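Structural features, examined
One letter stands for each residue in the lines below.
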Amino acid sequence: MARNCRQAAAGMLIPLGRASAVIEGQGAPGNHVPYVGNTFQTNTEISITAAAALQLRAMAVCSAWRDCLDPRKWPIDTLKLNRLKVDDEHLVPWIISTRPAVKSLDLSRYRTPQLLTVLASVPHMVVERLCMEAASQALLDCLPAIYHFPSLRKLILGCREDFEVPFDFLALAPLTALEELAVSGWEKICWEGGPLLPRITQLRLGLTDSVALNTVLPSLQHLRVCMVSTVMLGGQYFQAPQLSSLSLYDVNRELAVRWSQLGSLREVEARSMNAVVALGAAKLSALTNVTALRLHWSERQGAWDSAYVLLQAASRSLRSLSLDAWPVHLLPPPALTGLTQLTSLQCGSLAIIPQLAPLKQLQELQFTSHSVASLSVDELALLSELASLRRLRFSQRMAEGGGRARCLKLRAMAVCSAWRDCLDPRKWPIDSLELPGWDIDAGEHLMSWFTSTRPAVKVLRFTYLTTPPLLTVLEKLCLVAASQALLDCLPAVYRFPGLRKLDLVCKRDFDVPLDSKALAPLTALEELAVSRWDNISWEGGPLPPRITKLQLLSGEHVTLNTALPSLQQLTIQDAGFIVLGGQHFQAPQLSSLTLHDPDKELAVSWSQLGSLKELHARFTWEAAVWRAAELSALTNLTALSLGWSERHGAWDVALVLLQAVPRSLRSLNLDALSEDRLPPPILAGLTQLTSLECGSLAIIPQLSLLEQLQALRFSGHSAASLSVHELALLSEVRAVAVCSAWREGLDPRKWPIGCLELDRWEDDIQHLVPWITSTRPAVKDLGLSNYKTPQLLVVLLSLSCTVLKRLCVEAASQALLDCLPAIYRFPSLQKLFLNCAEDFEIPLDFKALTPLTTLEELGVFGWRSVCWEGGPLLLPGITHLRLGKSDHISLNTALPSLRELRVYAASSVMLGGQHFQAPGLSSLSLHDLDREVSVSWSQLGSIKELEAQFLDEAVVVGGGAELSALTNLTALSLGWSQGQGAWDAAHALLEAAPRSLLRSLSLDAWPADPVPAPALTGFTQLTSLQCGSLAIIPQLAPLKQLQELHFSCQFPASLSVHELVVLSELASLRRLRFIRQPTEVGVWARYFQVRAMAVCSAWRDCLDPMRWPIDRLELDRWEDDIQHLVPWIASTRPAVKDLTLSNYETPQLLVVLLSLPCTVLERLCIEAASQALLDCLPAIYQFPTLRKLFLVCKGDCDGPFRFDFRAFTPLTALEELGVSGWEKMCWEGGPLLPRISYLHFDSADHATLNTALPSLRQLHFFNTSTVRLGGQHLWVPQLSSLSAFHVRQELSVSWGQLGSVMELEVRAMGAVVVMGAAQLSAVTNLTALRLGWRELEGAWDAALVLLQAAPCSLRSLSLDAWPVDQSPPSALTGLTQLTSLQCGSLAIISQLSPLKQLKELQFTSHSAASLSVLDLAMLSELASLRRLRFYWHSAELGVRARCLEVLHKQLPDGCEVD
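Quick look at the structure, then.

What counts as what
- Residues numbered from 1 in each chain as written.
- Predicted model: local features only at pLDDT ≥ 70, side-chain atom pairs only at ≥ 80, totals over all residues.
- Heavy atoms only, no water.
- Helix = DSSP H or I, 4+ residues; strand = E, 2+ residues; numbered from the N terminus.
- Buried < 20%, exposed > 50% of the residue type's maximum accessible area, 1.4 Å probe, protein only.
- Contact = heavy atoms within 4.5 Å.
- Areas by Shrake-Rupley, 256 points an atom, 1.4 Å probe, with all protein chains shown as cover.
- Axes fitted to C-alpha atoms, helices over the stretch in contact; angles between N-to-C directions.
- Parallel < 35°, antiparallel > 145°, perpendicular 65-115°, else oblique.
- Left-handed = near helix turned anticlockwise from the far one by under 90°.
- Arc of directions from axis to C-beta.
- Salt bridge = Lys/Arg side-chain N within 4 Å of Asp/Glu carboxyl O.

Examining the overall build of the protein
A count of helical and extended segments in the protein gives 28 helices and 71 strands. Counting across all 1458 residues of the protein, residues that qualify as buried make up 53%. Sequence-distant contacts in the protein: of pairs separated by 6 or more residues, those separated by 24 or more amount to 52%. Entry remark: accessible area of the protein is about 61,400 Å², with carbon and sulfur atoms responsible for 52%.

Considering the packing of helix α5 (residues 112-121) against helix α6 (residues 136-146)
In contact at an axis separation of 9 Å, α5 and α6 are set at 20° when each is read in the N-to-C sense. Judged by the angle between their axes, α5 and α6 are roughly parallel. For the element pair α5 and α6, the recorded crossing hand is right-handed. Here α5 contributes Thr112, Leu115, Leu116 and Leu119 to the contact with α6, which in turn contributes Ala138, Asp141, Cys142, Ala145 and Ile146.

Details of helix α25 (residues 1170-1180)
Where α25 is concerned, the buried positions are Ser1170, Ala1172, Leu1173, Cys1176, Leu1177, Ala1179 and Ile1180. Looking straight down α25, one finds its buried side chains confined to an arc of 160°; they lie on one side. If you follow the buried residues of α25, they end up packed against α24 (1146-1155), β56 (1163-1168) and β57 (1188-1193).

Re the pattern of salt bridges
Any two side chains of opposite charge can pair, given that their charged atoms come close. Scanning the model with the defined rule gives 20 salt bridges in all. With a shortest N-O distance of 3.2 Å, Glu1167 and Lys1194 are connected by a salt bridge. Of this pair, Glu1167 sits in strand β56 while Lys1194 sits in the loop between β57 and β58 (1216-1220), and the two are 27 residues apart along the sequence. Here Lys1194 falls in the partly exposed class, since its relative accessible area comes to 23%. Here Arg1187 ties to Glu1215 by a salt bridge, and the two come within 3.8 Å at their closest N and O atoms. Taken together, the residues Arg1187 in the loop between α25 and β57 and Glu1215 in the loop between β57 and β58 connect sequence positions 28 residues apart. Judged by its relative accessible area of 27%, Arg1187 is partly exposed. In the salt-bridge network here, residues are joined through shared partners; they are Glu267, Glu269 and Arg294.

Everything listed is a geometric property; what it means functionally is a separate question.
Here is the structure:
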């Protein structure tokens, strides 16, 4: 059965289909590639019978694609190959020859050789998703080839044959970067134990007989199992601490889940087709985090019973429930018993309605298989009693006209009456209602019902009615009738004060004129559409003054010459004659004009449209255009869209408008309806264009004129249409413009490139050397790798010489020496690193570095021998010196400023001699030394820190006896490998160390092994010790001053009872550290459980709990691992500094709290039901040292369980307080908590603060609908930081009482009412304001109210929106004192010129590549600007060079650019 199931549904997890290639540039957001943002459209999926395109032009286009374009920047988005598809035969050879970069690759039905060939031919760095469908052995054979894809995030494996061959998950171990994994089709899928795939967030298993999952998946968030007979989830090894969603689809026999191991689960979905045995379902009730449950079942016997078992076991804290059945049938009466916390319910049966009464919090109800017509009178009555219900939805709509009519006809006296009498029409309005005139029966009953019931309707549509009916309150009205009938109805329409939208469609008598005076009484009208009137002539007469959107459609003559003061959008379509403008015409706010298909005459008074920003015109026929020359005067016009058909003359009409547009145009769309040829030159003079969309590739040769072009889109072509020449033009189209702007517009000293790294072997940077030669940029940090002498000289001689501070060159030794004279020209060079990659025997003469007198750091690596001996004082300013990767290193010279010396990876080291001087040397590191080490310790008298790590055969010449003379040495760190010689070398230094002076000692071994005794004899002054072995503990007794002890390779569970006793006797010890604290409670639990009688007793009896408290302890009732902790706490009574208790009931909470010593606890967090929290407050009073308290309500927080802040009165020592989860939090009047400095309110409908808190400094409101701050009792004299996150309804603050506030942050989630905002200007201490808003309607308005009221003392401003949108033009008016600004939109740049004190500017959602040449020019004029930061960076060097991504690190001089 399972095998047939697999074969029938194999396509569910692994998509099949025609071979296709989706080609999309990546770089800028969306479909925009760097600097030109090319997007090819005509459905970006190219069926490769565009193998026609790729096969016929393989030698040209494919070669150009490979040679001209960077495959990492221009990869194929998706490539699907199927061996059984004829069209795909040419693709495999093409892939082998072209080696295209692919982001998503699908391979179906191929055998092992073909799979390996394709995987080996695709560049490995780009593939992010791989889907393979093949025989099991072929899939397993290909896994080693997949290991080479470092960017692979998603892997889908579908077995099509040889189902019995087992799948070994150990084969996936190397794929540590995987985030999504799907495995399907095998007979059995069993994942037990390893491997650990740490980043897996989504896992899908299915199409198999059995699935067993018992492994560690630390990042797993979503698990889906489908079409399986038996499921086993959980076990000894199972860990998924982040798993939030579990889906079980079509499990047919047995479901065994250890629910207790799924404590983080929030959503569960189960679909059963048959009777399923659910083992351990009862423990599902313990998952209090589960808030959403979806159950589905078929009509087969036992399916509902299986679903019902899970429903009965669900946690009572469930918030969302979905019950869907196939087919819909009645549900047993007790389906919802106990689920009183539900806020959302979805069901397929109306039989659930009688069970809804106990659901007092239900807000949303949806019936998935019914329409409104299915409701009975009784059901309507029951629904009307649900006071909390806010939304009622039906998935099935009643049929147009007839369905509603039958419903209303058959039950007119009952249902309609119930609807009128039981339901409030304002709360339950009809969203949309159509009254059809052609359906006589339906029309009669509807009109009768409509007249008697008088329902509330939001949108009403009349069709073919001839008499004016009786109406009620409307927002939108659409009338479709004969012209005279429409005119007769207008007086009846006047009585609707709320009417905002009116649509008049004339069906007959088209020649009857429409007088604008008939519309004048509709003063509230905002949108008007008039269709199919032959003659619309509005001259002088009044029109509704609030109209913002006007549409005049399908008329023969359209004349508009009247005042429209609020008009913003005007559309005139399918009209023969159009006349716009005249003596009476006024439209001061008109920003968008659309003119579609005028076929005879177009007369527009363009000079009267000065506010126009967007113009859209489309021509199908030749039309006379009058006064087009005036179009050039529209200086606000930024966007033009032109379309034309292939008919004679249409292009000529469009060209007239195009040639007359102002030169300041930014966006242009040329869309030919059939034509593919554009006469050149059509872009002459449009040099300010930043965005261009065109339907023809013939535009490409003209693009070199557009220096500021950022986005280019071809709407009628795919990438396969490009020729070799066109590809070359696209790749260089902005080089001249951008580089020129960078060179000429910006001062290189103020705007240098932060960091530039060039490697000759990287294809991306082939264009960089010529670009550097022509542009001569300033660079602070430069890296050059694998270049030869000529190229190195070209680069070094081309750079601006006044800025370079750090230089790293990796090349052959002779090339490095040849370049040194060119390095002398950099007077500000402070750091130089020379790495020899070839010709290691050629020596380095350090005298060649003499002219570099400003050097502070020097690194020399890779030479076979590095010998710096004698000579004059060469580099007097050197403070840091690094030498390494050499056979022999000898240092014997004077370095008067040297403070730090590091030598690593060397065989022989000689340090010191006749000429050696380093009076300031304080730190010496000797790493990975494997042979002879000779150091003249007597010449290193200033050394304070010494670090040495020895390999197997290391020998310290002289045994290091002189080391004892280093009287300044206070810190010694020794490391050694497991070889005997390494320990001997380390031990020689340890024995010779000045024991009475040393304060810090570190002994680390690889691997950690016992330290020979007596290692610590004589080190009586030690205050800090780090060691990798517990064997050091018996030697600690003489260390009377030891304060800090760190075991770098151990954790607390490793300690024995005897070791605990020894540690307890160290009177001076203040800090004990381990390699890692066992943050998981389970580790502590197993530790305490196994050795409870010994270790725990020793911990209690031997160690002072005040001195050795447990830093942090977290207890959760739903965690199996900690069942033994509560009894242990009751008997041991350990001291705890930081305690967290989750999901416990009152008795357990009291047991824990009353068992702890009362003088140690500093922080307490309790997460429980509201009554349990209140019951525990008296027990909390006993902790006099308690400084931080956080109470999180997880149960019923309505009614009597509203929080009473008077319960905090005894807690006078509290400094931080957080309260979360109560529906209402109202703190008015007392108590006085004099030390509270931090207060946090979270997850409440209403939060009110009106009390005295004299020490309060930080106040935070989070996820709260209504915030009210202020009143008679409010006194917060020290409050400096106030934040309100995710406010949804009202923010009411008495700003006059918050005079000390310095930082304010508000994030609005919708149309928030801001009360008292005008008083904000009086908060003169306010210096930082951060505003965020969602895309929800009204959110920006709430933020703008606060921004406009900000005081003139503001220095720092942040404007962040989700998603990023344009900032209104007046956002920064009056804020001239700003020194720091953060914004998510580049549109703010045009408003920056008045900010004369602005020093720091950050764009949170853009990279430097987003800047246009105009943006750069405006930024260059900000004289005060010192730092410019971007949130997004680019890793591709080619993008940096050509697209301004060169900015990305801090610059000290002038302006810093990140």
